[in-house]
Amino acid sequence: MSIYFLGINGVIGSGAFLLPQTIYKDMNLMSVFVTICAALTVSMVALCYADLSSRFTGSGAAWLYSYHAFGRFTGYELGIYTCFLGCCTYAAEIVALLTILKTLSPVFSNHVVYYGIAIGIIVLFTIINLFGRTIVKLVDNLSSATKMITILIFIIIGAFFIHKMNFTPVIPKAATLGVGPYFKHFGAAFSVVFYMFTGFSFIPIAAKQMNNPEKNIPKVLISVMITVTILYALMMLVAIGILGSKMVNYSTPIAVAFQKAVGDWGYVLVIAGMLISVIGVAFAGSFNTPSLIASLANEHAMLPKWIGKKNKHDAAWVAILLSAIITMILITQSYLFLVSCIVLASFIQYVPSILAVIKFKHTNEFPNNGFKLPFSYVIPAFALIISCYMVTNFTWKTILVGVVVGVLAAVAYFFIEKDEKVEEKHQKYLSKMRNK
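Basis of the calculations
Within any chain, residue numbers begin from 1 and follow the written order of that chain's sequence. Two thresholds apply to this predicted model, a pLDDT of at least 70 for residue-level local features and 80 or more for giving and counting side-chain atom pairs, whereas whole-chain, interface and lining totals are computed over all residues. Side-chain figures throughout are based on the complete set of non-hydrogen atoms in the structure, without hydrogens or water. Each Phe, Tyr or Trp ring, with Trp reduced to its six-membered ring, pairs with another whose centre is within 6.5 Å; inter-plane angles below 30 degrees give stacked pairs, above 60 give edge-to-face pairs, and intermediate values give tilted ones. By definition, any uninterrupted DSSP run of H or I lasting at least four residues is a helix, any uninterrupted run of E lasting at least two residues is a strand, and each is numbered from the N terminus. The classification of residues rests on relative accessible area computed with a 1.4 Å probe and restricted to protein chains. Under 20% of the type maximum is buried, over 50% is exposed, and intermediate values are partly exposed. Patch membership needs two things, relative accessible area over 30% and no salt bridge, and members are linked within 9 Å if like-charged or within 5 Å if nonpolar (Val, Leu, Ile, Met, Phe, Trp, Tyr). Each accessible area is a Shrake-Rupley result for a 1.4 Å probe, and residues are judged covered by the shown protein chains and nothing else. By definition, a salt bridge exists where a carboxyl oxygen of Asp or Glu is found within 4 Å of a side-chain nitrogen of Lys or Arg. Put plainly, a pocket is an open set of points on a 1 Å grid over the protein atoms alone with protein on both sides within 12 Å along at least five of seven lines, a cavity is a set where a 1.4 Å probe fits but cannot get out, and a lining residue has an atom within 4 Å of a point. Grid points are joined across faces, edges and corners, and a volume is the space filled by probe spheres set on the points. The criterion is simple. A nonpolar core is a set of buried Ala, Val, Leu, Ile, Met, Phe, Trp, Tyr and Cys residues joined through side-chain atoms within 4.5 Å. Whether two residues touch is decided by their heavy atoms; if any such pair falls within 4.5 Å, the residues are in contact.

> Looking at this model, I keep getting lost on the packing of aromatic side chains. Mind explaining?
By the definition in use, this model includes 18 aromatic pairs. Aromatic pair F125 and F283: ring centres 5.2 Å apart, planes at 75°, arrangement edge-to-face. Taken together, the residues F125 in helix α7 (residues 111–130) and F283 in helix α12 (residues 264–298) connect sequence positions 158 residues apart. Residue classification places F283 among the buried residues on the basis of a relative accessible area of 3%. With a centroid separation of 5.1 Å and 75° between ring planes, the pair formed by F360 and F366 is classed as edge-to-face. Owing to a relative accessible area of 1%, F360 belongs among the buried residues under this scheme. Here the aromatic cluster, defined as three or more aromatic residues joined through ring pairs, consists of Y49, Y65, Y182, F183, F186, F190, F194 and Y350.

The structure is reproduced here in structure tokens:
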């Protein structure tokens, strides 16, 4: 259940509360359909991760899978990009939190107050993580449970205040002018919803700290995707039913919808849920990212060994401090820029991971334990097409950032001393699996 709650916290974040009006603006009532379509397509990628996580027990997720499939350098590059993704997600949620606070009081627009609170949150999460998994599990479970209760209250009570007339128009008039305009609107909404599901990829990152990960992680991945899909679709449906076309006028549509339905206490409740939700995702990022950095250093010596050092609470204290510093730098950027970086980094880790599934199915290396992807190559092929579709939504600025991160990582790679014993052990393992 703790892994499940960690997954919920990793997926449901600021986007669930801040982006519905953007999705509605492009597709109106069809937003619910777009949400389900995006969920199904992202689930194809999640199923690939479920297949891979059943083959390995080590921490690292995407970088670990690519390492075993395509070699040390590919695994290293994926590891750096996934670290970048984790820090961007961590920073984006903190920026989203402060954006929400700005709507409550102008004092949060003051730079001293803004950055003081942001840095204070990062310091608090750093301290919690330094005390190991026990406190992390407690905080994460509490945050996830509170978040889900808030969303369920909104859906259940809000359903009684739906007005059927608000379900029109079904689709924007501009999207009915032809196939081109339709897919332009659909694609814009689809990209936003796609971002709202990207957090699933963090679930296997701390696999080594979980019990029986090769069997539990696939179950959790599937359970989380089903849960989040249902919640997102119902939230969108209820919000549209209450606000109708006025939904595009509000930056916090879920909170405003509940206020229209039950009064001011509804607004306060949802805003509180939003804050807890955003804090929950930020907290999950503060836990997952150092675990990833430490796994790069400890498991295959792709980073200097000192980065993976742990304290008496089994917490990777150097990696925790390093991720906190990087996040403090990133919070100076805008929310939308951080979101675009998250989508780019997600694309970069999805493609090699999907290709790894195809390779392992072909070579029969690293057998599955507990879960096996059905329908042969159909699901990974479809997931690959969907992932490549994301390329059409990148700006040149975002692509430039991705290139810079990759080039800097490649340069640093040649200054990192390889651990010959680790490499020899890895080659023996590969040889054993091939012979098997």
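> How do you make sense of a nonpolar patch on the surface when you look at a structure like this?
Together, V403, V407, V411, F414 and F415 make up a nonpolar patch on the protein surface, roughly 570 Å² of accessible area in all. You can see F415 is positioned in the loop between α16 (396–413) and α17 (420–435).

> Could you clarify how one ought to interpret empty space enclosed by the protein in this entry?
Where empty space is left in the structure can be found by rolling a water-sized probe over the atoms. If you walk through the whole model with that rule in mind, you get four cavities of 30 Å³ or more. Of the voids in this model, the largest cavity is the one considered here, and its volume is about 130 Å³. Lining the largest cavity are 19 residues, and of these G10, V11, Y195, T198 and G199 sit closest to its centre. At the level of secondary structure, the elements contributing two or more residues to the lining of the largest cavity comprise α1 (2–11), α2 (14–18), α6 (72–104), α9 (179–197) and α14 (335–363).

> Can you walk me through the nonpolar core in this structure?
One recurring pattern in soluble globular proteins is that nonpolar side chains are buried together. One finds I94, F154, F200 and L303 to be the most contacted residues of the largest nonpolar core, which totals 152 residues. If one sorts the elements of this core by residue count, α6 sits on top with 19 residues. Apart from the residues within four sequence positions on either side, I94 is in contact with A118, I121, I122, A282, T327 and I331.

Bear in mind that shape data such as this cannot, by itself, settle questions of function.
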